[in-house]
Amino acid sequence: MKKFTFKGVLDGFRQSVQPQAIRQEQEILEQLKADHFTLKKTFRHGFPYSPTSFAFDPVQKLLAIGDKSGYIRILGRPGVDAHAKHEGESECAVLFAQFLVNEGALVTVTADDTIHLWSIRQKTPLIVQSLKFQRERVTCIHLPVGSKWLYVGTEKGNIHVVHIDTFALSGYIINWNKAIEVVRTSHPGAVIALCDNPLDANKLLIAFECGLLVLWDLKLKGAEIRWQAAEAVKSLAWHYEGKYFVSSHTDGSICSWPTKPQPKPQSQVCPHAKINKEGNAEKCKPIYKVDLKSSATGETFTIFSGGMPSEKGSKSNCITVMVGKTTTVLEMEHAVCDFITLCENPWPCETQEPYAIAVLLQYDLVLIDLLTPGFPCFESPYPMDLHESPVTCCTYLTDCPSDLVPAFYSVGRTTTSKKTGFSEREWPISGGEWSPASCSYSEIVITGHQDGSLKFWDSGAGTLQILYKLKTAKMFEKPRHVSHADSDNPLAVHLIFLCSESRRLCVAGAMGQVMLFKFRKVESTSEVLVLEIPILYENFDDIYGTSPECDFLTGHQVQKTESSDSDKTECTLKVRFGAQRKPPGFQSQLVCLTTGPNRRTVQVTSLCINSSYGLMAYGTEYGLVIIDIIQKICLLSVACPDLYGAHDPYSRTPKSPKRIESKEEQSRSPSSDQATDAEELQYNCLYVIVWKFFDKLDGTFSRSRSSSMSSIDMSSSESVTCLAFIESYAKRNDILTLVPTLWIGTSFGSILTLFITMPERDVRKSQPVLVTINGGPVVRLKGSITSMSFLDSYGSIIPYTFEPWRDENRDKKDRTPTKSSSRTSPTFTPTTANTISNASAAGSAAAAGSLGGSVGSGGAAAAAGSAAAIGNVVGGGAPSGGGAPGIAPGGSGSAAPSGIGGGGGGVGSGVGSIIGGGGGISSSSASSSGISGSVSTGLETLTDRQYIVIASEKQTKVFDVANQCCINRIQLSEMDFAVKAETITMKDGTCLATYLSNGHLMVHSLPSLKLLLDTDFLPLMELSFQTKCKQGIVDPMLSIWGQQIIVHEDTTQISKIFCFSHKGHGLYMASPTEIQKFTISSEFCQFILEMMGELYTVHEMPEQPKEGFFKGLFGGGAKQLDREELFGEQSGKANRSVARHIPGTNLDQMGQRASTAASEISRAHQLAMERGEKLNMLEERAERMSNTAQDFSGTAHQLMLKYKDKKWYQL
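Residues numbered from 1 in each chain as written. Predicted model: local features only at pLDDT ≥ 70, side-chain atom pairs only at ≥ 80, totals over all residues. Heavy atoms only, no water.

**As for the overall build of the chain**
Here comes step 1: Scanning the chain from terminus to terminus reveals 11 helices and 66 strands.
Here comes step 2: Partitioning the intrachain contacts of the chain with sequence separation of at least 6 by distance along the chain shows that 63% fall at a separation of at least 24.
Here comes step 3: Accessible surface, the chain as shown: approximately 54300 Å² in total, 51% of it carbon and sulfur. (Helix = DSSP H or I, 4+ residues; strand = E, 2+ residues; numbered from the N terminus. Contact = heavy atoms within 4.5 Å. Areas by Shrake-Rupley, 256 points an atom, 1.4 Å probe, with all protein chains shown as cover.)

**Observations concerning helix α8 (residues 1082-1091)**
Here comes step 1: Those residues of α8 that fall on the buried side of the exposure criterion are Ser 1082, Phe 1084, Cys 1085, Ile 1088 and Met 1091. The buried residues of α8 occupy an angular sector of 150 degrees when the element is viewed end-on, so they sit on one face.
Here comes step 2: Those residues of α8 that are buried are in contact with β1 (37-46), β64 (1065-1071) and β65 (1074-1081). (Buried < 20%, exposed > 50% of the residue type's maximum accessible area, 1.4 Å probe, protein only. Arc of directions from axis to C-beta.)

**Remarks on the confidence of the model for the chain**
Here comes step 1: Mean pLDDT for the chain: 77, with 71% of residues reaching 70 or above.
Here comes step 2: Across the chain, the secondary-structure element scoring lowest on mean pLDDT is strand β54 (residues 911-915), at 31, and the one scoring highest is strand β7 (residues 105-110), at 97.
Here comes step 3: Low pLDDT, under 50, characterises residues 653-715; the stretch is placed with 143 contacts to residues that sit more than four places away or in other chains.
Here comes step 4: Low pLDDT, under 50, characterises residues 1030-1046; the stretch is placed with 41 contacts to residues that sit more than four places away or in other chains. (pLDDT = per-residue confidence, 0-100.)

**Notes on the sheet that holds strand β43 (residues 623-628)**
Here comes step 1: Taken in spatial order, the 4 strands line up as β41-β42-β43-β44 in an open sheet, and their pairing is antiparallel. Only two strands of the sheet have a single neighbouring strand rather than two, namely β41 (604-610) and β44 (633-639). The mean inter-strand angle of the sheet, taken between neighbouring strand axes irrespective of direction, is 15 degrees.
Here comes step 2: Across 5 bridges, the pairing between strand β42 (residues 615-620) and β43 is antiparallel. (Pairing = 2+ DSSP bridges. Axes fitted to C-alpha atoms, helices over the stretch in contact; angles between N-to-C directions.)

**What about the nonpolar core?**
Here comes step 1: Core analysis: the biggest nonpolar cluster contains 37 residues, and Phe 37, Tyr 995 and Phe 1058 have the highest contact counts within it.
Here comes step 2: Sorting the residues of this core by element identifies β29 (391-400), β59 (978-986), β60 (989-996), β61 (1000-1005), β62 (1011-1016), β63 (1058-1060), β64 and β65 as the ones contributing at least two each.
Here comes step 3: Among the elements that line this core, the one with the most residues is β64, at 4 residues.
Here comes step 4: The contacts of Phe 1058, once residues within four sequence positions are left out, are Lys 980, Tyr 995, Phe 1017, Leu 1018, Leu 1023, Leu 1067, Tyr 1068 and Phe 1078.
Here comes step 5: With 35 residues, the next largest nonpolar core counts Ile 444, Tyr 468, Val 575 and Leu 593 among its residues. (Core = buried A, V, L, I, M, F, W, Y, C linked by side-chain atoms within 4.5 Å.)

**Regarding the pattern of salt bridges**
Here comes step 1: One pass over the structure, following the stated rule, counts 24 salt bridges.
Here comes step 2: Two residues, Glu 388 and Lys 455, come together in a salt bridge whose shortest N-O distance is 2.9 Å. Taken together, the positions of Glu 388 in the loop between β28 (365-369) and β29 and Lys 455 in strand β31 (residues 453-458) put the pair 67 residues apart, joining distant regions of the chain.
Here comes step 3: As a salt-bridge pair, Glu 523 and Arg 581 come within 3.3 Å of each other at their nearest N and O atoms. With a gap of 58 residues between them, Glu 523 in the loop between β35 (513-520) and β36 (524-526) and Arg 581 in strand β39 (residues 580-582) connect regions that are remote in the sequence.
Here comes step 4: Overall, Glu 523 belongs to the partly exposed group, its relative accessible area being 45%.
Here comes step 5: Among the ionic contacts, a cluster of salt bridges with common partners joins Arg 44, Arg 73, Asp 81 and Glu 1074. (Salt bridge = Lys/Arg side-chain N within 4 Å of Asp/Glu carboxyl O.)

**So, the state of the cysteines**
Here comes step 1: Tallied over the entire structure, the rule returns 0 disulfides.
Here comes step 2: Free cysteine: Cys 393, not disulfide-bonded; nearest cysteine sulfur from Cys 394 at 6.7 Å.
Here comes step 3: Cys 393 sits in the buried class, given a relative accessible area of 2%. (Disulfide = S-S within 2.5 Å.)

**Section: the packing of aromatic side chains**
Here comes step 1: Inspection of the entire model under this criterion finds 30 aromatic pairs.
Here comes step 2: With centroids separated by 5.0 Å and ring planes inclined at 75 degrees, the aromatic side chains of Tyr 172 and Phe 1127 adopt a geometry described as edge-to-face. Pair noted here: Tyr 172 is in strand β13 (residues 169-174) and Phe 1127 is in helix α10 (residues 1123-1127), with a separation of 955 residues, a long-range link.
Here comes step 3: Assessed through its relative accessible area of 5%, Tyr 172 is described here as buried.
Here comes step 4: For Phe 1127, a relative accessible area of 1% corresponds to the buried category.
Here comes step 5: Among the aromatic residues, those joined into a ring-pair cluster are Phe 408, Phe 456, Tyr 468, Phe 519, Phe 586 and Trp 805.
Here comes step 6: For the cation-ring pair, Arg 44 lies above Tyr 71, with the distance from its terminal atom to the ring centre recorded as 4.0 Å. (Phe/Tyr/Trp six-rings, centres within 6.5 Å; stacked < 30°, edge-to-face > 60°. Lys NZ or Arg CZ within 6 Å of the ring centre and 35° of its normal.)

**Looking at the pairing of β31**
Here comes step 1: Buried residues dominate β31, accounting for 5 of its 6 residues.
Here comes step 2: Of the pairings in the sheet, the one linking strand β30 (residues 442-449) to β31 comprises 5 bridges and is antiparallel in character. Looking at the pairing, Val 445 lines up with Trp 457 of β31.
Here comes step 3: Here β30 folds back onto β31 in antiparallel fashion, the turn holding 3 residues, of which Gly 452 has a positive phi close to 90 degrees.

**Some words on the side chain of Arg 73**
Here comes step 1: Following the sequence through the fold, Arg 73 ends up in strand β4 (residues 71-75).
Here comes step 2: We classify Arg 73 as buried; its relative accessible area is 2%.
Here comes step 3: Side-chain polar atoms of Arg 73 contact the side chain of Asp 81, separated by 2.9 Å. (Polar contact = N/O pair within 3.5 Å; in protein donor to acceptor, adjacent residues only side chain to side chain.)

**Structural notes on unusual backbone geometry**
Here comes step 1: Of the consecutive residues Leu 1006 and Pro 1007, the connecting peptide bond is found in the cis state with omega at 5 degrees.
Here comes step 2: Assignment of secondary structure puts Pro 1007 in the loop between β61 and β62.
Here comes step 3: Phi at Ser 50 takes a positive value of approximately 55 degrees, unusual for a residue other than glycine.
Here comes step 4: One can find Ser 50 in the loop between β1 and β2 (51-57).
Here comes step 5: Here Ser 50 falls in the buried class, since its relative accessible area comes to 12%.

**Structural notes on the pairing of strand β34 (residues 504-509)**
Here comes step 1: Where burial is concerned, most of β34 is hidden: 6 out of the 6 residues are buried.
Here comes step 2: Burial of the side chains of β34 extends over both faces: Arg 504, Cys 506 and Ala 508 are buried on one face and Leu 505, Val 507 and Gly 509 on the other.
Here comes step 3: Here strand β33 (residues 493-499) runs beside β34; their pairing, made up of 6 bridges, is antiparallel. Residue pairing in the sheet places Val 493 in a bridge with Gly 509 of β34.
Here comes step 4: From the end of β33 to the start of β34, which pair antiparallel, there are 4 residues, and Arg 503 there has a positive phi angle of about 60 degrees.

Below, the structure is given as structure tokens:
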């Protein structure tokens, strides 16, 4: 006989309960595999941050920009935009860059004194090889056009020569002591500039830091002429005839030197020096660079940067163009880093025909047209103005409605007037080739900026084009007295939420202002409604203490005012008075100004909108606010501790709620005669407080968050960090009712819920929306909640409900009801969400009760109060008795049957999927109408299941909403925390993407949380420029709970500029001026090369001018120099300790390919030789046969002639 034990009874109980759950979990087939994920950085947009070098290829018409982080950007025609980065020790500032003209190669010098050779013949630039100088620092380089030998000047005053193809150092060296000889007794300093004579390549001009200029004869290996300038030299430039050159100096002067010995310059001018009263020239700033170019008409362009007067208030950041006696000063918005004169002719020994100036500024790229009078600028086709105001947050939307991009583009064109003052000529940087190859879906990037503006960008086809710009600053008056941490930037955008289907936009600012916008295609004029929402407590100082005692105030005095009264309040931000003209696009509808205790400014920490419910919710650092955007009133303003009720895990037992009795405040408008009875009503917080307590859901739940929980957490305020509207179950194991629910995630890791009771559609604008507070957390996690998403029984994201956008002008002409719609996931089916109905079907829970009463009776019950709005009632399902499905149509004004039950043996159930017809507001469940969803005896039906994926800084859980239990979880290590986590939809399923503090990016499948990808992606320190201190982030090793609060401020800001999106895409602000996109989709990685442009295209190199007979006889023509003979093997071997050769990462592969190709060519050559020999033998044979045939023919002919006239008898 089997012995019964307590353990056996428990095991039997577990076996009787768990198999069902296991079977249900296994029924969700996850199709995503690790092969579907590959992490790759894709496109980089914006302006290179802190540029340091500049280069241009006049034949390929490509522009290269190097920055202080080691990145190289190569720009051509619009769409041709490549970026690459120096790796390893060379991941530092790019000091110099120079193209090999028309060779498809680029030379760069980094701050670690390494010279790199890049190949740009493929779409992605690659380093072929490098040469690192070990004893000397590189200070300048010079590569003559068409030459394979690179001159390298160093800090010690020496000049080395490097062969470009092999990157071998030549034995030829110009030592500083030989260059100066007896002219100076001290070291001349570093080599500042190098350039060869345009007509005599044998003569190399060297400029030393001290002002010494040396013309070096390369063949004779000696100095031909030496000049000594009075001031330090900054740059050199030859005239194309080679008879003289100019130099710029630190005192703002330009000197002209002839190619003959003389102690002083031929001319010395200070173009911008002013003569003071004493007759002396005032001091000027240095001229950092000067250039001389000539046109075919004989005009000489002298172009330089700097040289402005050094007095206070004088203009700076200027480019000066002198043509003849005309001087034009072009003032720039930012500091000038470098400039290049763009010329038609790449050869310096002829007139170069300058046509433009490319100016590299600290924060912009400007091209100046030299062929148009007045020297206007070209209008840039690149998104270089991304950082026009610093970016504070980003939103990345993929798979948007197809008509959204054209709509933004159309209003962007109408609101933005055509810019004047630009050149009418085409953008001169036109290198490369690019053909648009966009994806089948739209991509939109929204950037929020420090000045309160929002920019909408079209991010498809691998480009970034501006669509539309919205300025929120126009809504507010300039603040006068602001005492806040963000007082310098009170309008900065912190959060953005766009419902792309209804085209409603919510924006949260730095001072706690929340703005609601609605998209319209036409201009309008109206006032902006203002809601002033205070959050009040009787004892605020103790509310977040270890034993808080506070009164829950339900009657917060929310003032509903027009913009005319906003200036009477004490808010730091004031909305402009009176009616405002609103251009086409997003037009302001509502502004919420939220203040905390003692009128202190609050920070908005989360934002959400549901156009189907007509509700907007936003969380602050103190609590939660819910706004009815249809009636434009505040429904709820509550502190976080009050959301828990009596089951507060922090022992913050609130007192019984009480209502503050306030005087009736009337809605004030500028014109009192327009006030109506409805406007005179004071709308306080309209909500019902019902404390409901959930059962303890998680067995591992404890009162303290973790063993490392400290009192610092208890004393800090709890904020609402995540919000989500969803149709969800009201009670545990109660799947009869799906009700509109607001899920709330807090910084303490709690998940809370609010139930929303919607009125009927006919009275939606007049009847209040009821909000029920449940109290007690549904589930708790470690760390702050970062994201929440909901999955259906098939593992797909549950679609959100929305009100479709309608063109109001068109609707005025044609009033047709809008079809109910919902934004669905790729695998969504109507059974996925159980029920789909019109939001206007009903407005009370009584209908749900009446429907529930008919379950199992086999009869039909009418949904009281909602029959007029119900379109069709589709009944189906036979649980145990095998009830037959039935369909009962219901008219617009008739009572439709709401349940068709199945009988027979068991508990009957009727499944009623109710689809409402007509109306303009759609919903993804019947809960908003009070009509129940699928009816079942239990939770055995797979379609009844609903999951919520909750990600916090330390944990991720998949929670079964109906059963209220956790089915899967993962926990990060103690040293790491999640910076950003998001549930995204891929082609084959749904997954969770997480960016960690250790720089890794992880992908987990859903709902099993199986690890699919874990790779090192981006160190968190690279994003520290976005933090307040800008000095980095607290070491993750210190991320215990107390320390993590310090880190949280920084990571919260970083999470605002790091985005995941559907289809496996993402982006982040790689620098204050650049956006970097990336993908985790293996399929897209294969497609990305087709979207990139070709950098190198085949162009014919202009023929080098030849030396004519008379020019060669009398001088003046260009003289050639055999550099191979001069710098090659005959020059001797270079000192190996000077520089070390570093093969490129792909050099070995290229060598193997080259050797393989060489062997194949050798083999082919050998076969060809053999074939040639055989052909020769065959030819000889044929020739012999031909000769034999000719001999035979001649013999036959002679024989014929011999016997031609003889008779037969004469033979």
